Amino acid sequence: MGFLGRDVEVVSINETQYLLAACDSCGAIGMKELDAYKISWFITGKLTTRVALLEVISTGGVVQMVTVAISNEPSPAGDELIKGVKDELESAGLANLPIVISTEKNMPTQQTGLGVSVIGVAEKSNLRIGTSQPRDSVYCLGLPKVGPELSDPEDPEIVNVKSVQALIKNPWIHDIIPVGSRGIRLEAEQLAASVNSRLQVEPSCALDLGKSAGPSTCLIFSSSEVLDANYIRELNMPLAKIGELA
């Protein structure tokens, strides 16, 4: 079920380090005959990989390897999905990461199926789970988007690995949580519960807090400092305060 309700599993491997694992799956999104939403396999591979990367990196983990399980033939579907996977790894500065790949070679398929797992390691002193404090402000970076709203993986309104890397270097930023199908509100309420707090929603927040964010197109984070205008400009992405931890 994940560590402290997060979509990542954490296991102690020695006195100083944790092993981290996250995964994401994608079905019926691609160019197969019976796919519910038609989009290039390249984009499917790229965004599915991004989700799993975000989960590991947002916890303070350093990615070590990736697995790619493709429930379709090696070509053309497999080749195009893998191109998307590798492009996302390159964008994240992880082009030389070890990858193990499996495709379906026995049965014909009529729908796209993809699973990506990311394995990482974190120093115990750097783990960013359950680090929020009472009175922290909670922000959302990026906008929740899903389905037809997602035609461009480089959409400047959706988060990527570089977004997390920009946040995680700041000690006054605590938990960083990619938002998926459960929506902003549920992720924020779970964040609050994990540190025995409750979420006080910002009345002026205009975001749809219940909307699915699809392949983690936005993230929430807690901060012990009020973000100044210069820092907001540096993030260069839609940012909204969604509440405080009380």
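Residues numbered from 1 in each chain as written. Predicted model: local features only at pLDDT ≥ 70, side-chain atom pairs only at ≥ 80, totals over all residues. Heavy atoms only, no water.

Novice: Looking at this structure, how should I read the overall build of the protein chain?
Specialist: Helices and strands together make up the secondary structure of the protein chain, namely five helices and twelve strands. By the compact-globule yardstick of 18 Å for 246 residues, the protein chain fits well, its C-alpha radius of gyration being 18 Å. With respect to the principal axes defined by its C-alpha atoms, the protein chain has extents near 55 × 45 × 30 Å. Burial analysis of the protein chain (246 residues in total) assigns 49% to the buried set. Pairs at least 24 apart in sequence give 83% of the contacts found in the protein chain among residues at least 6 apart. (Helix = DSSP H or I, 4+ residues; strand = E, 2+ residues; numbered from the N terminus. Rg over C-alpha atoms; globule rule 2.2 N^0.38 Å. Buried < 20%, exposed > 50% of the residue type's maximum accessible area, 1.4 Å probe, protein only. Contact = heavy atoms within 4.5 Å.)

Novice: Help me understand the side chain of His 174, please; the structure alone is not making it clear to me.
Specialist: Summarising the element assignment, His 174 is placed in strand E9 (residues 173-179). A relative accessible area of 12% places His 174 in the buried class. A distance of 2.6 Å separates a polar atom in the side chain of His 174 from a polar atom in the side chain of Asp 136. Sequence-distant contacts of His 174, defined by excluding residues within four places in its chain, comprise Arg 128, Thr 131, Ser 132, Gln 133, Asp 136, Ser 222 and Ser 224. (Polar contact = N/O pair within 3.5 Å; in protein donor to acceptor, adjacent residues only side chain to side chain.)

Novice: Sorry, what's going on with the packing of aromatic side chains here?
Specialist: Two aromatic rings, taken as a pair, are described by how far apart their centres are and by the angle between their planes. In the structure shown here, the tally under the stated rule is two aromatic pairs. Summarising the aromatic geometry, the rings of Tyr 139 and Phe 221 are spaced 5.4 Å apart at their centres and angled 20° between planes, so their arrangement reads as stacked. A residue pair is termed long-range when its members are at least 10 positions apart, and Tyr 139 in strand E8 (residues 137-142) and Phe 221 in strand E11 (residues 218-223) qualify at 82 residues. The pair Tyr 139 / Phe 221 is uniform in exposure class, with both members buried. Centre to centre, the rings of Trp 172 and Tyr 231 are 5.1 Å apart; their planes meet at 70°, and the pair counts as edge-to-face. Linking Trp 172 in the loop between helix H3 (161-168) and E9 with Tyr 231 in helix H5 (residues 229-235), this pair joins segments that are 59 residues apart in sequence. The class of Tyr 231 is buried, set by a relative accessible area of 9%. (Phe/Tyr/Trp six-rings, centres within 6.5 Å; stacked < 30°, edge-to-face > 60°.)

Novice: Can you walk me through the domain arrangement of the protein chain in this structure?
Specialist: It is common to give the size of an interface as the accessible area lost on bringing the parts into contact. Considered domain by domain, the protein chain is made up of domain 1 (3-123) and domain 2 (136-245). Between domain 1 and domain 2, the C-alpha centre-to-centre distance is 22 Å. At the junction of the two partners, domain 1 supplies 20 residues and domain 2 supplies 23 residues. Carbon and sulfur atoms make up 64% of the area that domain 1 and domain 2 hide from each other, which totals about 1,800 Å². The tally of links from domain 1 across to domain 2 stands at two salt bridges. Between Glu 154 and Lys 46 there is a salt bridge, with the nearest N and O atoms lying 3.5 Å from each other. Our count for the domain 1 to domain 2 interface comes out at five residue pairs in polar contact (both at pLDDT 80 or more). With nine residues, helix H1 (residues 41-57) is the largest single contributor of residues to the side of domain 1 that touches domain 2. (Domains from an automatic or database assignment. Buried area = accessible area lost by both parts, 1.4 Å probe. Salt bridge = Lys/Arg side-chain N within 4 Å of Asp/Glu carboxyl O.)

Novice: Hey, could you run me through helix H2 (residues 74-91) in this one?
Specialist: Spacing of three or four residues puts side chains on the same side of an α-helix, whose turn is 3.6 residues. Across its 18 residues, H2 extends 24 Å between first and last C-alpha, which sits within 8% of the 26 Å expected from 1.5 Å per residue. For H2, the full list of buried residues reads Ala 77, Gly 78, Leu 81, Ile 82, Gly 84, Val 85, Glu 88 and Leu 89. Buried residues in H2, looked at end-on, bunch into an arc of 155°, giving them a common side. Against H1, strand E5 (62-70), strand E6 (99-102), strand E7 (113-123) and H3 lie the buried residues of H2. Looking one or two residues past H2, Gly 93 carries a phi angle of roughly 75°, positive in sign. (Expected span 1.5 Å × (residues − 1). Arc of directions from axis to C-beta.)

Novice: Explanation requested: the pairing of E5 in the structure shown.
Specialist: Sheet faces and side chains relate simply in a regular strand, where the side chains alternate between the two faces. Where E5 lies against E7, eight bridges are found, and the strand directions are antiparallel. Residue Met 65 lies in a different strand from E7, and its bridge partner there is Ile 119. Relative to E6, E5 is paired through four bridges, and the arrangement is parallel. In the strand pairing of E6, Val 68 is matched with Ile 101. Once the chain exits E5 it traverses H2 before rejoining the sheet at E6, and the crossover so formed is right-handed. (Pairing = 2+ DSSP bridges. Right-handed = clockwise from strand over helix to strand, strands pointing away.)

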